[in-house]
Structures are given as structure tokens and as C-alpha cells.
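Fold and contact review
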Amino acid sequence: MAKKEIEKKFKKKLLHKYRLVVLNEDTFEERFAIKLTRLNVFVILSLGTILLIAGTIFLIAFTSLKEYIPGYSSTALKKQATVLNYKTDSLLQVINLNKQYYTSIKKVLTGDVASVEFNRDSIIDAANIDSRGLDLKPTKEDSLLRELVDKEDKYNVFESSISATNFVLFPPVNGTISEGYNIKEKHFAVDIVVAKNTPVKATADGTVIFAEWTADTGYVVIIEHSYELISVYKHNAAITKEQGDLVKSGEVIAIAGNAGELTTGPHLHFELWSRGYPVNPTNFIDFN
């Protein structure tokens, strides 16, 4: 019974009505009056406190006022730091590429070129093993082509048309020629448009005499062949061979790309040099 009486008294206190009156001090005229209970006052104060806290959190989280609170950094400073981070990363990449380029030039100028030591007999045996499974009998079309090459000796870049008829050049890639061989403009090559990451193949058997990165033309591969012939492959995205490697005709030596400052799109810059003089590759290779 005592508990129920206490609860009734507590409820009565909470719901007991009070009148809040605002009077004019001089005339005692009633200006404003409102009926309140203790429960109403508690509810109004609680809601007001919750709204005040929610408004403060909103202002801090979604406005620039949070920048004035210790521990918060400016949004503009964060953006500047991010941009500077990207620029720094790009500069580091350029510096590393330039270092590789200068190191390659230094090796060439100082003569620091690694000599290639290999067993001649083992290479000959390996070549014989690889050629056993091939059908080397010439076709009718191949015989006619050889006969045509023999007659057109003026286009022959080798020592003699008789000894070079067995020397066939393999197209490094197949594609459309965007810029041809032009002596007047000193463009001693053909630019073949290819898809990015297209395999680049050796045009003939030979030895890799240069395989490095250059700032202007990306990864460059230079191969020395028989009959004092040299082939050059530029603007590659990656290379699969190193200086001194022996390659065979049609073997993948690089991956075509769009590397270097002088490139205009994914393509292969291909050059042929005979006895120190450039020759037109389209006279000997069909790139289509």
C-alpha cells in the first residue's frame, strides 16, 4: 500500500499544473500566460538538449567550422597534399627512367659492354635439333621468288645475290604502315601501326647488340644479322631479350607499345641498315 501511495504522489507531482505568467511590472497587466507541468518541462528540456547536440554535430561534420577545431585539417590542404603526392610519384618515375638512360649511354661511351661467351658446338647442335621437325623443302612460289631476287640484283643489300638467296627476312609485325621510308625527311624506317602489347619478332637470326630503355623511343632492340645487316626495333613497351642473346628468325624479342617522348601512338618503328647505310624495309618485307 505504501508503494502505491508513493507512486500516486509522484504522478501527482509530475502532472500537477502550474501557470507561468508574464506581467507588466508597472501596471501588473498580464502579457503572457502558459500552463505547465513538471513532465512538460522535463520533456521540453530533453528535446531542446537533443536538438542542440544534433545541430552542433551537423555543423561540425558537414560545414567548414570543423577546421577551427584542433585536430582537424583543412580540406584544401588535403587536396594539395594529394596532388603533390601524385606529382612527386611521376617525377620519381621520370628520374628513374633518365637514370637508366644515362647508365646505358655511360656504358656505351666507356666501352663497358659485356662480352658474350658461349659454346659454338652446343649452339650448332641446338639449331640442328630445332630444325629437324621443320619442312625445309622450298615451295613453287618460294622458288619463283628466289629467282626474282636473283635477277633484281640492284635491290640486293647483301654481298651477292647467289649467297643471300637462302637468307629470308621475317616481318617483325603485321599491320598498316603509317609513315614510310623517306630519305628527304631523314626518316630511315617504316612505322607500322599495331595493337598495344603485340609481340615483336626478330626479322632474322642474329645477336642482340643493344637492348635498353631510351627517353625518346622507349625500349629499343638492335640485332646484328649475317651479311653485315642490322635491324632496329623502337617504341616498345617491354623487351624479352638482353644484350648478347642469340635470337632466331620469328622469335619474340619485345612487346609493342607507345613508349618514348617521340611516339604518336602504339606502333613499331623498324629500321634496316646494310653496311652502315639505311635501306627501305618494304623492298624486302611484306608487312601486310
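Anything mentioned here points back to the structure above.
About the thresholds
Residues numbered from 1 in each chain as written. Predicted model: local features only at pLDDT ≥ 70, side-chain atom pairs only at ≥ 80, totals over all residues. Heavy atoms only, no water. Helix = DSSP H or I, 4+ residues; strand = E, 2+ residues; numbered from the N terminus. Contact = heavy atoms within 4.5 Å. Areas by Shrake-Rupley, 256 points an atom, 1.4 Å probe, with all protein chains shown as cover. Pairing = 2+ DSSP bridges. Phe/Tyr/Trp six-rings, centres within 6.5 Å; stacked < 30°, edge-to-face > 60°. Buried < 20%, exposed > 50% of the residue type's maximum accessible area, 1.4 Å probe, protein only. Core = buried A, V, L, I, M, F, W, Y, C linked by side-chain atoms within 4.5 Å. Salt bridge = Lys/Arg side-chain N within 4 Å of Asp/Glu carboxyl O. Expected span 1.5 Å × (residues − 1).

A tally of regular secondary structure across the chain gives five helices and twelve strands. Within the chain, contacts between residues separated by at least 24 positions form 55% of all contacts whose residues are at least 6 apart in sequence. Accessible area for the chain stands at about 21,000 Å²; split by element, carbon and sulfur atoms hold 59% of it.

The next point concerns the pairing of strand 2 (residues 30-37). Judged from the seven bridges that link them, strand 1 (residues 17-23) and strand 2 form a sheet pairing that is antiparallel. Counted as the bridge partner of Leu20 is Ile34 from strand 2. Connecting the antiparallel pair strand 1 and strand 2 is a turn made up of six residues, with Phe28 showing a positive phi of about 55 degrees.

Taken as a whole and judged by the stated rule, the model has six aromatic pairs. Aromatic pair Tyr181 and Phe188: ring centres 6.4 Å apart, planes at 55 degrees, arrangement tilted. When the centroid spacing of 5.3 Å and the interplanar angle of 55 degrees are considered together, the rings of Tyr233 and Phe270 count as tilted. Of this pair, Tyr233 sits in strand 8 (residues 229-239) while Phe270 is found in strand 11 (residues 267-274), placing the two residues 37 residues apart along the sequence. You'll find Tyr233 and Phe270 in the same group, each marked buried.

What follows covers the nonpolar core. The biggest cluster of nonpolar side chains holds 25 residues, and the ones touching the most others in it are Val200, Ile223, Tyr233, Ile253 and Phe270. Every element with two or more residues in this core is listed here: strand 4 (190-193), strand 6 (206-214), strand 7 (218-224), strand 8, strand 10 (252-256) and strand 11. Other than its neighbours up to four places away in sequence, Val200 contacts Pro172, Val173, Tyr233, Asn236, Glu251, Val252, Ile253, Ala254, Ile255, Ala256 and Leu268.

Turning next to the pattern of salt bridges. Scanning the model with the defined rule gives four salt bridges in all. Here Arg275 and Glu228 are joined by a salt bridge, their closest N and O atoms 4.0 Å apart. Of this pair, Arg275 sits in the loop between strand 11 and strand 12 (277-279) while Glu228 sits in the loop between strand 7 and strand 8, placing them 47 residues apart in sequence. Between Lys241 and Glu251 there is a salt bridge whose closest N-O contact spans 2.5 Å. Pair noted here: Lys241 is in the loop between strand 8 and strand 9 (246-247) and Glu251 is in the loop between strand 9 and strand 10, with a separation of ten residues, a long-range link.

Next up on the list: the side chain of Lys241. By relative accessible area, Lys241 is classed as buried at 16%. Setting aside chain neighbours within four positions, we find Lys241 in contact with Val208, Ala211, Val247, Glu251, Val252 and Ile253.

This part takes up helix 1 (residues 2-15). One turn of an α-helix holds 3.6 residues; hence residues three or four places apart share an orientation. The end-to-end C-alpha distance of helix 1, which contains 14 residues, comes to 20 Å, matching closely the 20 Å that a straight helix rising 1.5 Å per residue would cover. Buried residues are scarce in helix 1, accounting for zero of its 14 residues.

Structural measurements only, silent on function.
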